[in-house]
Amino acid sequence: MNYDWLDAWLLSKPGAEKDYKIEWGWHRYMVRGKLFAAICAPEGMKDERYNGHDLVNLKCDPELSRLLQEQYPDILPGFYCDKRLWIAALLDGSLPEEVLRDLCDKSYQLIVEKLPKKTQRELQEEQPAEA
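A few points on the structure. (Residues numbered from 1 in each chain as written. Predicted model: local features only at pLDDT ≥ 70, side-chain atom pairs only at ≥ 80, totals over all residues. Heavy atoms only, no water.)

## Quick word on the pairing of strand β4 (residues 55-59)
1) Next: The buried count for β4 comes to four of five residues, which makes it a mostly enclosed element.
2) Next: Relative to β4, strand β3 (residues 34-40) is paired through four bridges, and the arrangement is antiparallel. Residue pairing across strands places A37 opposite L58, the latter belonging to β4.
3) Next: Bridge analysis of β4 against strand β6 (residues 86-90) gives five bridges, and the strand direction is antiparallel. (Buried < 20%, exposed > 50% of the residue type's maximum accessible area, 1.4 Å probe, protein only. Helix = DSSP H or I, 4+ residues; strand = E, 2+ residues; numbered from the N terminus. Pairing = 2+ DSSP bridges.)

The following block contains the structure:
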């Protein structure tokens, strides 16, 4: 995996928690129980685009998803997720680090926006003040 910083980046989000879903072989990143990222390495898949690659699934706006897939060969429709609302970014490719960081942030924000307003305020209070 070319993105050694990814785990720390995902866990740096306010309220972020990580677990491992053994049945799926996924490291899941959630905020208040809602998935915003999942890292996995699918094996034995019929779709060779995913097979044998480390990847991260991220929630994504459908229009942005389409544009990203046109621009970057390392961005695919979400793996084992709703392919309209999730993308899979290959982690053994050449996706620019700043693009992946931005996609992680956007995924987190899409999930947080769906949480109750009270929870959103609590998460905002957890954010460190910018210097």
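## Things to note about the layout of surface pockets
1) Next: Taken as a whole, the largest pocket holds about 250 Å³ of empty space.
2) Next: Lining the largest pocket are K13, P14, D105, Y108, Q109, V112, E113, Q120, R121, L123, Q124 and Q127.
3) Next: Residue composition of the lining of the largest pocket, grouped by class: four nonpolar, four polar and four charged. (1 Å grid on protein atoms, 1.4 Å probe; cavity = no way out; pocket = protein on both sides within 12 Å on 5 of 7 lines; lining within 4 Å. Points joined across faces, edges and corners; volume = space filled by probe spheres on them. Nonpolar A, V, L, I, M, F, W, Y, C, P; charged D, E, K, R; others polar.)

## Structural notes on the sheet that holds strand β5 (residues 75-77)
1) Next: Read from one edge to the other, the open sheet built from six strands follows the order β1-β2-β3-β4-β6-β5, with strand pairing classed as antiparallel. Each edge of the open sheet carries a strand with a single partner, namely β1 (16-21) and β5. Along the sheet, successive strands turn relative to each other by an average axial angle of 25 degrees, direction set aside.
2) Next: Relative to β5, helix α2 (residues 62-71) is tilted by about 130 degrees, and along the sheet it contacts β5 and β6. (Axes fitted to C-alpha atoms, helices over the stretch in contact; angles between N-to-C directions. Contact = heavy atoms within 4.5 Å.)

## Examining the side chain of S65
1) Next: Tracing the chain through its elements places S65 in helix α2.
2) Next: In terms of polar contacts, S65 uses its side chain to reach the side chain of Q69, at 2.8 Å. (Polar contact = N/O pair within 3.5 Å; in protein donor to acceptor, adjacent residues only side chain to side chain.)

## Some details on the state of the cysteines
1) Next: The final tally for this structure, using the stated rule, is zero disulfides.
2) Next: Looking at C81, it has no disulfide partner, and the nearest cysteine sulfur is the one in C40, 8.2 Å off.
3) Next: Residue C104 stays outside any disulfide, its sulfur separated by 11 Å from that of C60, the closest cysteine. (Disulfide = S-S within 2.5 Å.)

## Overview of unusual backbone geometry
1) Next: You will see that R32, though not glycine, has its phi angle at about 50 degrees, which is positive.
2) Next: The topology assignment puts R32 in the loop between β2 (26-31) and β3.
3) Next: Backbone geometry places Y80, a non-glycine residue, at a positive phi of 55 degrees.
4) Next: Within the secondary structure, Y80 is located in the loop between β5 and β6.
5) Next: Classification of Y80 as exposed rests on a relative accessible area of 64%.

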